[in-house]
Amino acid sequence: MENIIKISFVGDLMCEMEQNKIAHLKDDIYNYDSVLENVRDYLNDCDYLVGNLETPIAGKKLVYTNHIWSFNTPKGYVEALKNNGFNLLTTANNHCLDRGVTGLIKTIDSLDSIGIEHTGTYKNINEEKYLIKDIGGIKIAFFSYTYGTNAAFNKQYLNKNEMGLVNLFQPQEIECSKYNIKQRLKRKINNKYKYKKYLSLLENDIKKIKNNVDLIVMCMHSGGQHNLEPEEYTKNLVEKLFKMGINVIVGCHPHVIHQMEWRNNKKLVAYSLGNFICTPGTSSSPLDKMSDYSIKLNLFLEKSNNGVDIKKVSFNIMKSLCDKYKDTRIYLLSDLIEKNKSSDNIDILIEDNNIVYSKFTGKDIKTTVKKEYILE
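Residues numbered from 1 in each chain as written. Predicted model: local features only at pLDDT ≥ 70, side-chain atom pairs only at ≥ 80, totals over all residues. Heavy atoms only, no water.

## Some points on the overall build of the protein
Moving on, step 1. Counting its regular elements, the protein contains ten helices and 17 strands.
Moving on, step 2. For a compact globule of 376 residues, the expected C-alpha radius of gyration is about 21 Å, and the protein comes in at 20 Å, within 12% of that figure.
Moving on, step 3. Expressed as lengths along the three principal axes of its C-alpha atoms, the size of the protein is roughly 60 × 55 × 45 Å.
Moving on, step 4. Across the 376 residues of the protein, 56% fall into the buried class.
Moving on, step 5. Put simply, 67% of the contacts in the protein that link residues at least 6 apart link residues at least 24 apart.
Moving on, step 6. As displayed, the protein offers around 17200 Å² of accessible surface, 48% of which is attributable to carbon and sulfur atoms. (Helix = DSSP H or I, 4+ residues; strand = E, 2+ residues; numbered from the N terminus. Rg over C-alpha atoms; globule rule 2.2 N^0.38 Å. Buried < 20%, exposed > 50% of the residue type's maximum accessible area, 1.4 Å probe, protein only. Contact = heavy atoms within 4.5 Å. Areas by Shrake-Rupley, 256 points an atom, 1.4 Å probe, with all protein chains shown as cover.)

What follows is the structure, given as structure tokens:
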């Protein structure tokens, strides 16, 4: 397919405490390349690869991950991501302030120092809230936005002078006891009236750039964690984003795979690609609901007189596995099935392949195990 470029997306890039212990070599030197060694070729088979960085990279002084829901990962993690093919990391998610604004800034410095692109969080409130990238002659605008920042949990709130450092769909969540009616009412009013204000800022940015780009992509961080389906908030948000002019929406945060919708060959939403990197069986990545499976989504784009055409959409099914020491490896599921075809769990893996295929496509059918599936 001459003059067609391939843009790929993966889901949440997690890093639990257990994997940090495995990656630690000496002093402050960590190496995570082995996590991706089995899928390196698949990650490099595209022109541009995007993933959601679900952790600050804020340095040892701000304390590396020591809590199951609050992260800070050594720089070696993003070095491994770059070494294995990642071009863009989205940073607007509920963990971006796990080490406060200082950690947010240090994360950006870490990414800049290794030359990996990023969008979603910023060192300066006046920076453009998107990244425009020319890939093979096609100009794509990437947005990264999050529903929140775990503010009520980690007590890290942006002050007036810091608003704009994180791309937010709505105000940061207010600490609220279920027994305190006044708190709950305040949160409800806050979200109802300020929600529109936040979205209007996004809409203004889209209007500003839409005539200068061929495609607009939203990397959306939204949804209930481990929910089996997208909830009403996220569905309504998707409709608003499409009306604003977004062409492609790629979702993260639920940590499990949700269905993809392909609308009239013009607009596409993948509500959740699942966890691309996780350590199955840990508290932050439980084994229930297939949280160790994920999707690599591939868009094949061609420049046309009307901007750009999505000529083809395909996907690969990935799986995280770890040994008894919690040493994680990512595999293409079809490779894993081929490798283990004589083992006792081969039937389970094949059945899982069918479940994931049906979940993502919405087609309740059995399918032949393949390295790559084409979406019709």
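Now that the structure has been shown, the text picks up again.
## Regarding the side chain of D98
Moving on, step 1. Looking at the element boundaries, D98 is found in the loop between β5 (88-90) and α5 (100-114).
Moving on, step 2. For D98, which is buried and forms no salt bridge, the nearest opposite charge comes from R99, at a distance of 5.3 Å.
Moving on, step 3. At 2.8 Å, the side chain of D98 forms a polar contact with the backbone nitrogen of F71.
Moving on, step 4. Among the polar contacts listed, one links the side chain of D98 to the side chain of H95, at a separation of 2.7 Å.
Moving on, step 5. Setting aside its immediate chain neighbours within four residues, D98 contacts P56, W69, S70, F71, N150 and N154. (Lys, Arg positive; Asp, Glu negative; His and termini not counted. Salt bridge = Lys/Arg side-chain N within 4 Å of Asp/Glu carboxyl O. Polar contact = N/O pair within 3.5 Å; in protein donor to acceptor, adjacent residues only side chain to side chain.)

## Quick word on the packing of aromatic side chains
Moving on, step 1. Taken as a whole, this structure holds twelve aromatic pairs when the rule is applied.
Moving on, step 2. A ring pair is formed by Y30 and Y32, whose centres lie 6.4 Å apart and whose planes are at 10°; its orientation type is stacked.
Moving on, step 3. For Y32, a relative accessible area of 2% translates into the label buried.
Moving on, step 4. For the ring pair Y30 and Y64, a centre distance of 5.6 Å and an interplane angle of 80° mean the geometry is edge-to-face. Here Y30, found in strand β3 (residues 29-30), pairs with Y64, found in the loop between β4 (48-53) and α4 (76-83); they are 34 residues apart in sequence, far enough to count as distant. For the pair Y30 and Y64, a shared accessibility class is recorded, and that class is buried.
Moving on, step 5. Among the aromatic side chains, those forming a connected cluster through ring pairs are Y30, Y32, Y64 and Y77.
Moving on, step 6. Cation over ring: K312 sits above F300, and NZ or CZ is 4.3 Å from the ring centre. (Phe/Tyr/Trp six-rings, centres within 6.5 Å; stacked < 30°, edge-to-face > 60°. Lys NZ or Arg CZ within 6 Å of the ring centre and 35° of its normal.)

## Comments concerning the pairing of strand β16 (residues 328-332)
The two faces of the sheet receive side chains in turn, since in a regular strand these alternate between them.
Moving on, step 1. Burial of β16 is extensive: five of the five residues sit out of reach of the surface.
Moving on, step 2. Of the two faces of β16, the one lined by T328, I330 and L332 and the one lined by R329 and Y331 are each fully buried.
Moving on, step 3. The turn linking strand β15 (residues 307-322) back onto β16 is made up of five residues, and K326 within it adopts a positive phi angle of 70°. (Pairing = 2+ DSSP bridges.)

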